[in-house]
Amino acid sequence: MMKHRSVKLPALLLALIVAWGARPGTAAAQTGDDAGLAEMVAYRLTMDKVQRWYEAQRNVYEKYAADPGLAERAEIGADEEEFSIDGMAARFDAIPEVREAIQAAGLGTREFVVVTMVLFQSAMAHAVIEMGGDRDEILEGSGVHPANLDFVAAHKAELERMQKEVEALKASVGASN
């Protein structure tokens, strides 16, 4: 298996990048995580799951505030082993404080990663459509399920509020991921 240069990226940012690239026919989709890609395509966003995801993020940043070295330990490398749903979930599982922060919100680490990826992928597709992109072409090219695209459109204001609050918390603790 070919190795990529190990570049350290903030874990949440890495999850977001993977989400946009992990669609059929792209290099990310060819990294061997076909099960993860299928899981993303099959996953349906709900406000309950997104609220739990949001709470998990808040919990993680609170842990970072209590232990400044924790954010660095939670970084995920861009090699193939960690550049997948399995890899990211394993990384979060390996750090008790992060795992517990996510679980306290009612999610497992794997579902946390999947929600992150599906939400970002759907939000990116929605943004492209808002800029004039053709919905059918975007859906076909991105692998986003129409229900998730509709979810993002219907909850845009709430999702933007959550994102601003997480960004503010992230800035207040000086976290990079």
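For the structure, check the block above.
Residues numbered from 1 in each chain as written. Predicted model: local features only at pLDDT ≥ 70, side-chain atom pairs only at ≥ 80, totals over all residues. Heavy atoms only, no water.

(A) Region of interest: the packing of helix α3 (residues 47–66) against helix α10 (residues 156–173). Interaxial distance between α3 and α10 falls to 9 Å at its minimum, and their mutual angle equals 10°. The angle between α3 and α10 falls in the class roughly parallel. Every residue of α10 that contacts α3 at Met-47, Val-50, Gln-51, Tyr-54, Gln-57, Arg-58, Tyr-61, Tyr-64 and Ala-65 is listed here: Glu-158, Leu-159, Arg-161, Met-162, Glu-165, Val-166, Leu-169, Lys-170 and Val-173. (Axes fitted to C-alpha atoms, helices over the stretch in contact; angles between N-to-C directions. Helix = DSSP H or I, 4+ residues; strand = E, 2+ residues; numbered from the N terminus. Parallel < 35°, antiparallel > 145°, perpendicular 65-115°, else oblique. Contact = heavy atoms within 4.5 Å.)

(B) Main features of the packing of aromatic side chains. All chains considered together, the criterion is met by 2 aromatic pairs. Look at Tyr-61 and Tyr-64: their rings are 5.6 Å apart centre to centre, the planes differ by 80°, and that puts the pair in the edge-to-face class. You can see Tyr-61 and its partner Tyr-64 sitting in helix α3, 3 residues apart, about one turn around the helix. A relative accessible area of 2% means that Tyr-61 is categorised as buried. Pairing Phe-92 with Phe-112 gives two aromatic rings, centres 5.9 Å apart and planes at 75°, and the pair type is edge-to-face. Placement of the pair is Phe-92 in helix α5 (residues 85–93) and Phe-112 in helix α7 (residues 109–130), with a sequence separation of 20 residues. (Phe/Tyr/Trp six-rings, centres within 6.5 Å; stacked < 30°, edge-to-face > 60°. Buried < 20%, exposed > 50% of the residue type's maximum accessible area, 1.4 Å probe, protein only.)

(C) Up close: α10. Relative to the 26 Å expected for 18 residues at 1.5 Å per residue, α10 spans 26 Å between its end C-alpha atoms, a close match to the ideal helical length. What α10 keeps buried is the set Leu-159, Met-162, Val-166 and Lys-170. Here the buried residues of α10 occupy an arc of 70° about the axis, which is enough to place them on one side. Along α10, the residues that are exposed and aim more than 90 degrees away from the buried face are Ala-157, Lys-164, Ala-171 and Ser-172. At its buried positions, α10 is contacted by α3, α7 and α9 (146–154). (Expected span 1.5 Å × (residues − 1). Arc of directions from axis to C-beta.)

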